[in-house]
Amino acid sequence: QSVVCPVLIGRDAPLTTAYHTLERARAGHGSTLLVSGEAGIGKSRMVRAMAERAGALGFVSLEGACFEADSAHPYGPLLDMVRVVSATASPALAAHYFAPAASELVTLFPELRALFPEAPSRPALDPDEERRRLFHAFVESAYALARVQPLLLVVEDVHWSDDATLDLVLHLARRIATHPVALVLTFRSDEVGPRLASLLADFDRARCASEVALRPLEAPQVSEMLQAIFGEQVALAGPFVDRLHALTEGNPFFVEELLKALLHAGDLVSADGTWRARALEAVRVPRTASEAVGRRLAGLSDAARRVASVAAVAGRRFDFDLLRTLTGHEEAALLALVKELVEAQLVVEESADRFAFRHALTRETMRTQLLARERVALHRAIAAALEAQDATGSHEVEGALAYHTFEAGEWESARRYALRAAEHALTIRAPREALQQFQRAVTATTNAGQRPDGALLLARGGAHETLGAFGPASEDFSAALAMARASGDLRGQWQALHALGLLWAARDYERAGEFRRAALDVARHIGHAPLIARSLNRVGNWHVNREHPHAGIPFHDEALSIFEGGEDRNGVAETVDLLAMAHHIAGSQEIATQLYERSVEHFSALEQRRGLANALAVLAVCGPSYHASAGPVATSTHEHLILAEERAVRLAGDIEWRAGEAFSRYLVADCVGWRGKLARALRLARESLAIAEEIEHREWQCGARRVLGAIALDLFATSEAVDQLQRSHAIARKLSSATWTRWTGAPLAIALARAGDVEHATRVLDEIDALVPTSGTKEGSPDAGPPTLGLRYLALARGETALAAGDAARALAAIAELGEEGVPRVALLRARALLALNRGAEATGSLGAARQGAEQQGARHLLWRIDALQGAIHLGQRQRLEARRAFDAARAAAESLVAGLDEPGLLAGFGAGLDAWAPPPPAPTKARAAKSAFGGLTRRERDTAALIAQGKSNRAIARQLGIGERTVEGYVAAAFTKLGFSSRAQIAVWATDHGLAASPPKSGPSRT
């Protein structure tokens, strides 16, 4: 597996500048481009991309390079360029190009005598004169090459260049401004010596060069690199990417080198076509990085190297006072040694008291060069120094102490400090740091010869769950449960069962229900009211998610009563939120909205950002959305503000709640997609799906694919819609979730019906009825009460399927109980069925209800369909003009909906689908085209305008055209109206501008 990234990532702006330089040079405006950045940042790849573009533009490219070992040999890059030409062109042509410089080149490089056998020998001149002649001759050769083709000259790594080459480069840069020559120089920005600094200053003074400074990649761009290298089948999670980015600091070359090291070590493998990696806790530093650090260390004094080693063990960042304590140096002496490290480009100053290694791999290289025993002793000394310096035990120092005591093998201290640091990380909502400390505490406990207790395993499992690591979380919770059962710890059993019930909701609702009911039994056995209430909530929520919200609501009501009686604010907030979800799934969006707004207030007051993010996301879809579209939506919600700010998405990201990020993204996508903001909706839904797949969260994969399928269906991309919805429905069935089975099966049936596969659509609906039977509406049954959201979805799907099968009467029967008021989807479907039964007047009434609801909800994808259906009704009533106007309005609205949507795959069938709903206007006849081109004037009105332009009166016009004078007056009046004019002079000017006056009509009788 090659780990070389096949594309340039994150270099759009620098490439734009580079390509602009080439375009200007091709136009005869030569200039110099400086490409700078640290080693490995991608300067050479940038030059390669530029050379490829230059080749496409017809340039000839000559490249030379400077090398560290050859800095004492002058004009090395010049020799490279001559060799390139001699190797790629015929000897005669190469000799012709470099003829002006032949004598100078042979003098400098005797090995070129074979290329220039006729070059005359000349006596040695004064060195300055020699240099001037060479410079002049080389520039003349460049001009000779550029006269044939535009010329790209590249000199790489000029930080290693000899002084003579730098002088030549400056001479050339000053003389190419009026020639088709582009000169590109690359250099390491952290290795600029005095001579190169002088050259750069000369460029600035002469204003003959521009610079692009390449920066390290951000973490998302590193993720893009991984996608480009390994393809779509890559399952390298966020923590891996973050650690890889931290180690390499976004340096593309180091990213590739580290990936290569991981491959060789077997820490990065492909299984079943998917790339996966072990955690990047300890890595072997790539040889290239070790060599680079070794070169810098070689020039240091022994004392400076010892200080650097101590600092490397202390951490990426280190305090001056701590370093002084550890090394025993006086302040002045230590300052001189640290300054030596700064000058060697190993360390940077962050403040007066703190320094940092320039690169994470620099520190890692130096640390690994120490013997293990040396490292342990240093970690122990650092821990002792930190404890002595910080008697108060600040949170920052506790984290450092956890690390150093762990590395020193002081297990009891490491466990104690790690637990403190983990608690603080949870307090500041940093679950990734908390997990790292919990893992350290578990390992320290084991190494001390003890067994981690259940509380520690539950805490670590909770951190795993927050970060979306299902497997490790399940293992920790299950181990804690086994320990609690073995010891008879009922509270520990409840905690583990409760955690497992929450965790398994993302995988298997039936399994989750088993854990939740068991937790309720344990809570009742303990007799602790708050535990009972929390379990009641989870069992109630289990009923809700099995599409039995009316059965779940009493559990939540009982829990709320317990929490309110005990004045438990957290419990009240959680219960109100769950009650809101129950009413939402039951289809009562107004009640759900009121409850969610209460939960938002509670969570905000309690500063519970996780609960707040969840409540805000679902509050939005209680309003206009695909999700709530099968029933009446809430009208009092502030979802438009929530959506504009994407508050739920931001909150989930702030607390690194990966599952919450996926959840909030797809719900916001659902809402904005319904409002016609398709590009934003697609982006959010795809981001949600990527996160959900990364953390293997099946439920949110299901939700994201359902949104993507709904949008595809609106764009007539039926095959894409069927694919997304089939995948979503398959996941729902694996979840054993009645709710999701209905929520995904219904839109899948609609997609299949619209694709023409009515039989398959019917089979899907029948399978749903078999998997999730409706218990009826008798009192006491789980489905008692009004139809739930899922049942409403199914009714709509049955109506759509029946209509696609040509059975409009059955379609009407399927949606008879849904009620069209405030539900534009139902009203539109009813109007289509009524129109199919030739009941146009009734269809018009339903269409009015659909329009009112769609306008209130901002459902642009429904509005154009409503216009199109209105056109069909007019057409059935032989009102052709009204039909055309309605079809034209529909087409304009539909085209506006997709304007700017850069999705060729999704839009491939949109035009044909639009034509089927709203036929395009017929191609105009020649007469109609002429009429349209002249402001709507008929042939006789145009003739009249032409004669007015000749200054003729109405009587003269009537006589010439052979018509009555009153008829002419009518033509003139019509022209005034159609053109918006008020005088004959205006008509005359208009006729002249449109070329009518140049060819007046011939005399004769009136023509039709």
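Residues numbered from 1 in each chain as written. Predicted model: local features only at pLDDT ≥ 70, side-chain atom pairs only at ≥ 80, totals over all residues. Heavy atoms only, no water.

Chemist: Describe in detail the overall build of the protein chain, supporting the description with residues and values.
Modeler: When you go through the protein chain residue by residue, the secondary structure sums to 50 helices and 10 strands. In the protein chain, the proportion of contacts linking residues at least 24 apart, taken out of those at least 6 apart, comes to 66%. Carbon and sulfur atoms make up 51% of the accessible area of the protein chain, which amounts to about 44,300 Å² in all. (Helix = DSSP H or I, 4+ residues; strand = E, 2+ residues; numbered from the N terminus. Contact = heavy atoms within 4.5 Å. Areas by Shrake-Rupley, 256 points an atom, 1.4 Å probe, with all protein chains shown as cover.)

Chemist: Outline the sheet that holds strand E2 (residues 60-65), supporting the account with residue identities and numerical values.
Modeler: Hydrogen bonding along the main chain pairs the strands of a sheet, whether they run parallel or antiparallel. Taking strand neighbours across the sheet as the criterion, the 5 strands line up as E2-E3-E4-E1-E5 in an open arrangement whose pairing is parallel. At either end of the open sheet lies a strand with only one pairing partner, and these are E2 and strand E5 (209-213). The average undirected angle you get between the axes of adjacent strands in this sheet is 15 degrees. In the sheet, strand E1 (residues 31-37) pairs with strand E4 (residues 181-188) via 7 bridges, with the strands oriented parallel. Among the inter-strand pairings, leucine 34 is bridged to a residue of E4, identified as leucine 185. (Pairing = 2+ DSSP bridges. Axes fitted to C-alpha atoms, helices over the stretch in contact; angles between N-to-C directions.)

Chemist: How would you explain the nonpolar core if you had to name every residue and give the values?
Modeler: Judged by nonpolar contacts, the single largest core of 161 residues is most densely connected at Tyr596, Tyr666, Trp700, Ile711, Leu715, Trp740 and Trp864. Per-element tally for this core: the top contributor is helix H32 (residues 658-674), with 10 residues. Aside from chain neighbours lying at most four places away, what touches tryptophan 864 is Phe716, Ala890, Ala893, Ala894, Leu897, Leu914 and Trp917. One finds Ala314, Ala402, Leu419 and Ala422 within the second-largest nonpolar core, a separate group that totals 48 residues. (Core = buried A, V, L, I, M, F, W, Y, C linked by side-chain atoms within 4.5 Å. Buried < 20%, exposed > 50% of the residue type's maximum accessible area, 1.4 Å probe, protein only.)

Chemist: Before we move on, could you go through the side chain of serine 629 and cite the residues and values that matter?
Modeler: The topology assignment puts serine 629 in the loop between helix H29 (609-621) and helix H30 (639-645). Accessibility expressed as a relative area gives 2% for serine 629, which makes it buried. Among the polar contacts listed, one links the side chain of serine 629 to the backbone oxygen of tyrosine 626, at a separation of 2.7 Å. Those residues in contact with serine 629 that sit more than four places away from it in its chain are Trp674, Val823 and Arg825. (Polar contact = N/O pair within 3.5 Å; in protein donor to acceptor, adjacent residues only side chain to side chain.)

Chemist: Lay out the packing of aromatic side chains with the relevant residues and their values.
Modeler: Going through the model one piece at a time under the given rule, you end up with 17 aromatic pairs. Considering the side-chain rings of tyrosine 626 and tryptophan 674, the 5.4 Å spacing of their centres and the 80 degrees angle between planes classify their relative orientation as edge-to-face. Taken together, the positions of tyrosine 626 in the loop between H29 and H30 and tryptophan 674 in helix H32 put the pair 48 residues apart, joining distant regions of the chain. As far as burial versus exposure is concerned, tyrosine 626 and tryptophan 674 are alike and both buried. With a centroid separation of 6.0 Å and an interplanar angle of 80 degrees, the aromatic rings of phenylalanine 663 and tyrosine 666 are classed as edge-to-face. Within this pair, phenylalanine 663 and its partner tyrosine 666 are both found in helix H32, separated by 3 residues, close to a single helical turn. Each member of the pair, phenylalanine 663 together with tyrosine 666, is buried. Among the aromatic residues, those joined into a cluster by ring pairs are Phe318, Phe320, Phe355 and Phe357. (Phe/Tyr/Trp six-rings, centres within 6.5 Å; stacked < 30°, edge-to-face > 60°.)

Chemist: Got a sec to walk through the sheet that holds strand E9 (residues 347-349)? Specific residues and values, please.
Modeler: What the 3 strands build is an open sheet, ordered E8-E10-E9; its pairing is antiparallel. Both outer strands of the open sheet, strand E8 (317-319) and E9, are each paired with one neighbouring strand and no more. For this sheet the average axis-to-axis angle between neighbouring strands, irrespective of direction, equals 30 degrees. Inspection of the sheet shows E8 paired to strand E10 (residues 354-357) by 3 bridges, in the antiparallel sense. From the neighbouring strand, phenylalanine 318 faces E10, where its bridge partner is phenylalanine 355. Running at roughly 75 degrees to E8, helix H14 (residues 320-327) makes contact with E8 and E10 of the sheet.

Chemist: Explain the environment of arginine 243 residue by residue, including any values.
Modeler: Of note, arginine 243 is situated in helix H10 (residues 238-248). Along the primary structure arginine 243 and alanine 219 are separated by 24 residues, whereas in three dimensions their C-alpha atoms are 9.3 Å apart.

Chemist: Explain the pairing of E4 to me, and be specific about the residues and the numbers.
Modeler: A large share of E4 lies buried, amounting to 8 of its 8 residues. Going residue by residue along E4, you find Val181, Leu183, Leu185 and Phe187 tucked away on one face and Ala182, Val184, Thr186 and Arg188 tucked away on the opposite face as well. Bridge analysis of strand E3 (residues 151-156) against E4 gives 5 bridges, and the strand direction is parallel. Following the sheet pairing, valine 155 is matched in E4 by leucine 185.

Chemist: Any details on the environment of histidine 359? Residues and values, ideally.
Modeler: Its place among the elements puts histidine 359 in the loop between E10 and helix H16 (360-368). Judged by relative accessible area, histidine 359 falls into the buried class, the value being 7%. Through-space distance from the C-alpha of histidine 359 to that of alanine 246 is 9.4 Å; in sequence the pair is 113 residues apart. Apart from residues lying up to four places away in sequence, histidine 359 is in contact with Glu38, Leu247, Thr248, Glu249, Asn251, Phe254 and Arg316.

Chemist: Quick rundown of unusual backbone geometry? Include the residues and the values.
Modeler: Negative phi values dominate among residues other than glycine, just as trans dominates among peptide bonds. Phi is positive for glutamate 567, which is not a glycine, with a value near 50 degrees. For glutamate 567, the position within the fold is in the loop between helix H26 (549-565) and helix H27 (569-586). What makes glutamate 567 exposed here is its relative accessible area of 72%. Residues other than glycine seldom take positive phi values, yet arginine 878 does so here, at roughly 60 degrees.

Chemist: Could you give an account of the confidence of the model for the protein chain, naming the residues involved and the relevant values?
Modeler: Averaged over all residues, the pLDDT of the protein chain is 85; the fraction at 70 or higher stands at 88%. Here residues 775-782 scores under 50 on pLDDT; set against residues more than four positions off or in separate chains, the count is 14 contacts. (pLDDT = per-residue confidence, 0-100.)

Chemist: How would you summarise helix H48 (residues 954-961) if you had to cite specific residues and measurements?
Modeler: The periodicity of an α-helix, 3.6 residues per turn, causes residues three or four places apart in sequence to face the same way. In terms of burial, H48 is largely enclosed, as 6 of its 8 residues are buried. Taken together, the buried positions of H48 are Asn954, Ala956, Ile957, Ala958, Gln960 and Leu961. Close packing links the buried residues of H48 with helix H47 (939-949), helix H49 (965-979) and helix H50 (984-993). Positive phi appears at glycine 962, one or two residues downstream of H48, with a value of about 70 degrees.

Chemist: Just give me the short version of helix H43 (residues 880-898), but keep the residues and values in it.
Modeler: A rise of 1.5 Å per residue sets the reference length of H43, with its 19 residues, at 27 Å; its end C-alpha atoms lie 27 Å apart and thus fit the reference within 8%. Regarding H43, the residues found buried are Ala883, Arg884, Ala886, Phe887, Ala890, Arg891, Ala894, Leu897 and Val898. An end-on view of H43 places all buried positions within 165 degrees of arc, on one side of the element. For H43, the secondary structure elements touched by its buried residues are helix H33 (678-694), helix H42 (860-876), helix H44 (904-907) and helix H45 (910-917). Residue glycine 900 follows H43 closely and has a positive phi angle near 80 degrees. (Expected span 1.5 Å × (residues − 1). Arc of directions from axis to C-beta.)

Chemist: Could you give an account of the packing of helix H24 (residues 509-526) against helix H25 (residues 529-545), with specific residues and numbers?
Modeler: At a minimum axis separation of 9 Å, H24 and H25 run at an interaxial angle of 155 degrees. Viewed along their axes, H24 and H25 adopt a mutual orientation that is roughly antiparallel. Like other packed secondary-structure pairs, H24 and H25 cross with a definite hand, here left-handed. Across the interface between the two elements, Tyr509, Glu510, Gly513, Arg516, Arg517, Ala519, Leu520, Ala523, Arg524 and Ile526 of H24 pack against Leu531, Ile532, Ser535, Leu536, Arg538, Val539, Asn541, Trp542 and Asn545 of H25. Residues belonging to the contact of H24 with H25 are distributed by class as follows: 10 nonpolar, 4 polar and 5 charged. (Parallel < 35°, antiparallel > 145°, perpendicular 65-115°, else oblique. Left-handed = near helix turned anticlockwise from the far one by under 90°. Nonpolar A, V, L, I, M, F, W, Y, C, P; charged D, E, K, R; others polar.)

Chemist: So, the packing of helix H13 (residues 302-314) against H14: which residues are in play, and what are the values?
Modeler: As a packed pair, H13 and H14 sit with axes 10 Å apart at the nearest point and diverge in direction by 120 degrees. Judged by the inter-axis angle, H13 sits oblique to H14. In this structure, H13 crosses over H14, and the sense of that crossing is right-handed. In this structure, H13 contributes Val307, Val310 and Ala311 to the contact, and H14 contributes Leu323, Leu326 and Thr327. Residues of the contact of H13 with H14, tallied by class, amount to 5 nonpolar, 1 polar and no charged.

Chemist: A description of the pattern of salt bridges should follow, citing residues and the corresponding values.
Modeler: On inspection of all chains with the given rule, the structure shows 39 salt bridges. A salt bridge links aspartate 807 to arginine 810; the nearest nitrogen and oxygen atoms lie 3.2 Å apart. Note on aspartate 807: relative accessible area 30%, which makes it partly exposed. Overall, the relative accessible area of 45% leaves arginine 810 in the partly exposed class. Through salt bridges with shared partners, a single network forms among Glu646, Arg658, Glu661, Arg665, Arg680, Arg683, Glu687 and Glu694. (Salt bridge = Lys/Arg side-chain N within 4 Å of Asp/Glu carboxyl O.)

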